Amino acid sequence: MIRNARTTRRDALSTYRDFAHRGSARATVLRTVGTRERRSHLTAPRVPTVGIDIGGTKVMAGVVDADGVILEKLRTETPDKSKSPKVVEDTIVELVLDLSDRHDVHAVGIGAAGWVDADRSKVLFAPHLAWRNEPLRDSLQNRLAVPVMVDNDANTAAWAEWRFGAGRGEDHLVMITLGTGIGGAILEDGQVKRGKFGVAGEFGHMQVVPGGHRCPCGNRGCWEQYSSGNALVREARELAAADSPVAYNIIERVKGSVPDITGPLITELAREGDAMCVELLQDIGQWLGVGIANLAAALDPSCFVIGGGVSAADDLLIGPARDAFRRHLTGRGYRPEARIAKAQLGPEAGMVGAADLARLVARRFRRAKRRRVERFERYERYAQVLRSAGGLGDTGDSARPTPQDPE
């Protein structure tokens, strides 16, 4: 009787140890998957993630599903650039925790307007924030306890357009974002091309006019000084300040206050048929086409996607860009022409792309892993009972739990 009881206890403990070892090894594998980036979005888990788009004026956060659908979105003002990096981190953490109260968040993606290193762990420089070699990924990951991915906002917007927007089906895509300046990104065969140091795609600082307008980067004649929101507003304000006859309409609209002239106002007047505003958008579009032709000569993509706030002008901008592209394309008439399309996802593109890229590092089995831990604890209690009982009592197979993998 005693020998049978001891044998039963030994078998039970052996079963527990074998199962615990197997579960521990599996948990180690899951932890490895949770911290390693997957090679393709096709192997990424279809779980909800949070995307954060950090710009100069706003921080937008949203929960996005695997199909690019925004389940919930929050927005707040960007902390002043003079404030410490921790203030911005606090803002991000508050938004993520708020969304986590209502959604099971598996990872967080950050799209930052700045240079991000090749490991996507540090923001090397952000013009609108006090980030200089800031270890943003590790800082947020420690506070949020979920995987965090950091990337340039143009890269995240390009990824979103390739996955869900105007670039679907393209295997070689270049994204150009026209806002205050010009940003850009390159995608080839489902991969964002970030360059050796992570800062590829800064198309706005290609020099197109030697000795031209001074750029905040320190150089002269950068592309974004001729084809961006800043360039559009600068030209309109110069004409208004000079009291040019062609600017009378816009001067009247702002009641003589030249600083109130903005890009959206210029676009609105152009749609109403204002000749000066139409011409200014044509000029911006022509410079855009020249730059696209240069990029086509260097990169030869199948598609250019034009996004950013200035792209809201639609064909008033993109029409002249297409014409200039065809006129300046190297080998025109003897080579296929890349398609030029307007972005489809609007201002949410960066947020959606950041969330989808975060899915590449998401924990596929977050809930299952928690259930496994709870089950291991039950088995530990079961083994403790057997030890304390000294093998006495009924410990047959009917009392022995059968391990089941939750998957």
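Under the annotation held in an unreviewed UniProt entry, the protein carries the name Glucokinase and is attributed to Streptomyces wuyuanensis. Quoted verbatim from the Sequence similarities (unreviewed entry) field of the UniProt record, the comment on the protein reads "Belongs to the ROK (NagC/XylR) family."

Before going further, it helps to examine the overall build of the protein. Within the protein one finds 11 helices and 13 strands. The burial tally for the protein puts 48% of its 407 residues in the buried class. Counted over contacts in the protein with a minimum sequence separation of 6, partners at least 24 positions apart contribute 65%. Split by element, the accessible area of the protein, about 20,000 Å² in all, is 50% carbon and sulfur.

When you line up the elements, threonine 156 lands in helix 4 (residues 153-164). Side-chain polar atoms of threonine 156 contact the backbone oxygen of aspartate 153, separated by 2.8 Å. The contact partners of threonine 156, leaving out residues within four places of it in the chain, are Ile110, Gly111, Asp151, Ala349, Gly350, Gly353, Ala354 and Leu357.

In this section: the sheet that holds strand 1 (residues 49-54). Spatially, five strands are ordered 3-2-1-4-8 in an open sheet, and the strand pairing comes out mixed. The open sheet terminates on both sides in strands that have one partner only, identified here as strand 3 (70-77) and strand 8 (148-152). Taking the axes of each pair of neighbouring strands and ignoring which way they run, one obtains an average angle of 15° across the sheet. When strand 1 meets strand 4 (residues 108-112), the two strands line up parallel, connected through five bridges. Across the sheet, the residue bridging to valine 50 is valine 108, located in strand 4. Strand contacts of helix 3 (residues 136-144): strand 4 and strand 8, with the helix running at about 150° to strand 8, the strand carrying the most contacts.

This next bit is on the pairing of strand 13 (residues 339-342). Alignment of strand 12 (residues 303-307) against strand 13, held across four bridges, turns out to be parallel. Note that in strand 13 the partner of isoleucine 306 across the bridge is lysine 342. Where the polypeptide runs from strand 12 across helix 9 (residues 315-328) and back to strand 13, its parallel neighbour, the crossover connection is right-handed.

Attention now moves to the pairing of strand 12. Here strand 12 lies mainly inside the structure; five of its five residues are buried. Burial along strand 12 is two-sided: Cys303, Val305 and Gly307 and Phe304 and Ile306, pointing in opposite directions, are all buried. In this structure, strand 9 (residues 172-178) lies alongside strand 12, joined through five bridges in parallel fashion. Residue pairing across strands places methionine 175 opposite valine 305, the latter belonging to strand 12.

Within the structure shown, the criterion is met by four aromatic pairs. On the numbers, 5.1 Å between centres and 55° between planes, the contact of tryptophan 159 with tryptophan 162 is tilted. Of this pair, tryptophan 159 and tryptophan 162 are both found in helix 4, three residues apart, which corresponds to roughly one turn of the helix. By relative accessible area, tryptophan 159 is classed as buried at 3%. For the pair tyrosine 226 and tryptophan 287, a centre-to-centre distance of 5.0 Å together with 40° between the ring planes defines the contact as tilted. Of the two residues, tyrosine 226 is situated in the loop between strand 11 (191-192) and helix 5 (229-241) and tryptophan 287 in helix 8 (residues 275-299); the sequence distance between them amounts to 61 residues.

Reading the values: rules and limits
Residues numbered from 1 in each chain as written. Predicted model: local features only at pLDDT ≥ 70, side-chain atom pairs only at ≥ 80, totals over all residues. Heavy atoms only, no water. UniProt positions renumbered as here; feature names shortened; annotations may be inferred. Helix = DSSP H or I, 4+ residues; strand = E, 2+ residues; numbered from the N terminus. Buried < 20%, exposed > 50% of the residue type's maximum accessible area, 1.4 Å probe, protein only. Contact = heavy atoms within 4.5 Å. Areas by Shrake-Rupley, 256 points an atom, 1.4 Å probe, with all protein chains shown as cover. Polar contact = N/O pair within 3.5 Å; in protein donor to acceptor, adjacent residues only side chain to side chain. Pairing = 2+ DSSP bridges. Axes fitted to C-alpha atoms, helices over the stretch in contact; angles between N-to-C directions. Right-handed = clockwise from strand over helix to strand, strands pointing away. Phe/Tyr/Trp six-rings, centres within 6.5 Å; stacked < 30°, edge-to-face > 60°.

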